[in-house]
Amino acid sequence: MCGVIGYIGYRNATDVILKGLSRLEYRGYDSAGVAVLADGEIETLKRQGKLAVLKEELDKHPIRGNTGIGHTRWATHGVPNDTNAHPHLDIHGCIAIVHNGIIENYQELKQALQKKGYKFASDTDSETIAHLVSSEYKGDLLEAVKKAAAKLKGSFAAAVIHKGEPGRIVGIRLDSPMVVGLGTNEFFIASDIPAILEYTKNVIYLENGEMVDISLAKGVSIYGLDGKERKKKAVTIKWDISQAEKGGYKHFMLKEIFEQPTVLHKIFGERIKKGNVVFDELAIKPAVFKKIKNIAVVACGTAYHAGLTGKYLLEKVTRIPVWVDQASEFRYRDPIVNKDTLVIVVSQSGETADTLAGLREAKRRGAKVLAICNVLGSTIAREADGVIYTHAGPEIAVASTKAYTAQIAIFQLLTYYIAKERGTVKGVDKGFLQGLKKIPHIMDEMLKEYEKENKISYYATKFHEYYHARNNKSCFLYLARNVNYPNALEGALKLKEISYICAEGYPAGEMKHGPIALIDENPWVVCLAIKSDTYDKMLSNIQEIKARDGIVIAVVSKGDKLAKEKSINYAMEVPVVPEIFSPFLVVVPLQLLAYYVGRAFGYDIDKPRNLAKSVTVE
Ligand code: M6R
């Protein structure tokens, strides 16, 4: 949940670290800090607040040096303030550490260290690492980190420097991500690739239980926690740094919404070959898909919603029973999963702690696990029996958009792939893949039209006015049926995340069983009412809402006058496509609505409060 970075080389470490932190800020942004070796001493500067606050302070009090570490925080233990911000120093000011994750046994270690005279400055679990390494230090940082690691419990990634060992960083990884970047006469360590992409594309992924000794004099050596050296190859990253920049858009979220046609075009171009679906990297044999009796999808947040969409698609076409679980529930509820089950874990980051735990639980029970992931080489991708990458490029905004539609694209293709393996592809045959391939262009045209009309941003402004006129009493309800029901949940989640307005997603048929009690002139009800098998039912829902003075904002099929008439107050049109492909298009106006409402309220869209992009703690 935090971002960690380290640098050794010929550049000014502070500059590299600050740039890197700006690309890791999506991981946490309640405080930030740097520790740099300058003239034989470790100089630190830490500030509560976003990175900009630290930057301003560093402009006034620059720190120069060639060895350093930095951190951007999402608080777990101890409130966000200057003291609890990282890096943390040991009692002698010789060792500095940055840490992402949780030290579960920190209380016990802290007490033991306190008894030995170690004084703690902060309320964090992380500070324990600094003192523990210090208590083990006998002149060799790697050795001290190894000994300290043997006593630490939890999931973490940390980078450590010592003032007596300039040009050296020791890193360790246990369940939290960490990559090492290899430059020419310079090295990097970071929680995620975009932080170092400007300087190098050659990286080594650290595995769980690995330590890295990075030294300007000796290069990079990787060890297991047993101290044995491991030979590892560097991989070359294909992402471009421009993908991690805003490219003229006001926010990453907006850029990522507009990137969706390109992402889908790429996915279908790569995966549909000669009228067939190809998953080159998939290590699970086709025979497995023939044998399975049921499918469980396990994920969190937006990825969970993509999984729900997957259920509709898979069941409809393959006729295999599918259920979908939030990973945090799956892992503890003694799920009925065995060798007949295919468990599909879905994760943009590939590092979400609950999803990872779900994956491990499924494997323990004998199921085959297939991961749908965006981040190459992530833990989930590596631990699953097989992975299908979404190749959506780096997603920086905390509110996920392009990763969601990319996950749905993979579910669509997987549906076809499994159906074909099992000989159940009938009604969806060739036309299915051809239809899919048209979606990116249709979406692109739709986005161009939205840009021209600027309607959705106008609706958002209207809502903003309405909200204040009603003494902040308004909220949102999202209703849909069938394959677009997950989009109702997703639309509500997007709005909650970035505008902090209460929003609930419901199957429209459930409205009469409770949510209808909410309807008066206050809430805005977003009805997903495109032409479909359940269209008439949605129109009836709209009537019921309007009869109770509700404000309706509807997603309707292009040119559908009837729906527009009934749903006015506000309508957002999407092109007509077969219902099975409609989730791709229907979600886009919902993403934009959330974006513009957040903007109308003046919130920090890419860094919403209390959230972090990748939730690597439980
Ligand atoms: O990296 P993951 O896909 O595993 O992340 C899962 C959720 O944390 C994530 O989708 C979260 O809900 C997003 N902020 C949604 O916009």
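Here the structure is a predicted model, which means the values were calculated and not measured.

(A) Region of interest: the domain arrangement of the protein. Segmentation of the protein into domains returns domain 1 (3–237), domain 2 (252–446) and domain 3 (453–600). Inter-centroid distance (C-alpha atoms) of domain 1 to domain 3 is 45 Å.

(B) Structural view of the sheet that holds strand β21 (residues 368–373). With respect to topology, five strands assemble into an open sheet ordered β19-β18-β20-β21-β22, the strand pairing being parallel. Because the sheet does not close on itself, it has two edges, and the strands there are β19 (322–326) and β22 (386–389). Strand-to-strand twist across the sheet, computed as the mean angle between neighbouring axes with direction ignored, equals 20°. Of the pairings in the sheet, the one linking strand β20 (residues 341–347) to β21 comprises six bridges and is parallel in character. Across the sheet, Ser347 pairs through a bridge with Cys373, a residue of β21. Sitting on the sheet, helix α9 (residues 301–318) is in contact with β18 (294–299), β19 and β20, with an inclination near 175° to β19.

(C) Representation of the packing of aromatic side chains in the model. Within this structure, the stated rule accounts for 22 aromatic pairs. With centroids separated by 5.8 Å and ring planes inclined at 15°, the aromatic side chains of Phe601 and Tyr603 adopt a geometry described as stacked. Overall, the relative accessible area of 31% leaves Tyr603 in the partly exposed class. A cation over an aromatic ring shows up here: Lys531 above the ring of Tyr535, its NZ or CZ 5.3 Å from the ring centre. For Arg609, the ring lying beneath its charged end belongs to Tyr500, and the centroid distance is 3.9 Å.

(D) Just the UniProt feature "active site" (unreviewed entry) in the protein, in detail. Under the UniProt annotation, "active site" (unreviewed entry) lies at Cys2 and Lys613. For this annotated set, covering 612 residues, all C-alpha atoms fall within 9.4 Å of each other, a compact arrangement in space. Judged by relative accessible area, which is 6%, Cys2 ranks as buried. Setting aside anything within four residues of it in sequence, one finds Cys2 in contact with Arg27, His71, Thr72, Arg73, Trp74, His99, Asn100 and Ser191. Checked against the element boundaries, Lys613 lands in the segment after α19 (582–600). The exposure class of Lys613 is buried, given its relative accessible area of 13%. Excluding its chain neighbours within four sequence positions, the residues that come into contact with Lys613 are Tyr26, Arg27, Gln348, Glu395, Ile396, Ala397, Val398 and Ser400.

(E) Inspection of the site of the ligand at higher detail. Residues in close proximity to the ligand total 14 residues, the closest being Ser347, Gln348, Ser349, Thr352 and Glu497. Val398 is positioned with one of its backbone polar atoms (N or O) 3.0 Å from a nitrogen atom of the ligand. Ser400 is positioned with one of its backbone polar atoms (N or O) 2.8 Å from an oxygen atom of the ligand. When the ligand sits alone it has 410 Å² of accessible area, and the protein chains cover 91% of it.

Criteria and cut-off values
Residues numbered from 1 in each chain as written. Predicted model: local features only at pLDDT ≥ 70, side-chain atom pairs only at ≥ 80, totals over all residues. Heavy atoms only, no water. Domains from an automatic or database assignment. Pairing = 2+ DSSP bridges. Helix = DSSP H or I, 4+ residues; strand = E, 2+ residues; numbered from the N terminus. Axes fitted to C-alpha atoms, helices over the stretch in contact; angles between N-to-C directions. Contact = heavy atoms within 4.5 Å. Phe/Tyr/Trp six-rings, centres within 6.5 Å; stacked < 30°, edge-to-face > 60°. Buried < 20%, exposed > 50% of the residue type's maximum accessible area, 1.4 Å probe, protein only. Lys NZ or Arg CZ within 6 Å of the ring centre and 35° of its normal. UniProt positions renumbered as here; feature names shortened; annotations may be inferred. Near = heavy atom within 4 Å. Polar contact = N/O pair within 3.5 Å; in protein donor to acceptor, adjacent residues only side chain to side chain. Areas by Shrake-Rupley, 256 points an atom, 1.4 Å probe, with all protein chains shown as cover.

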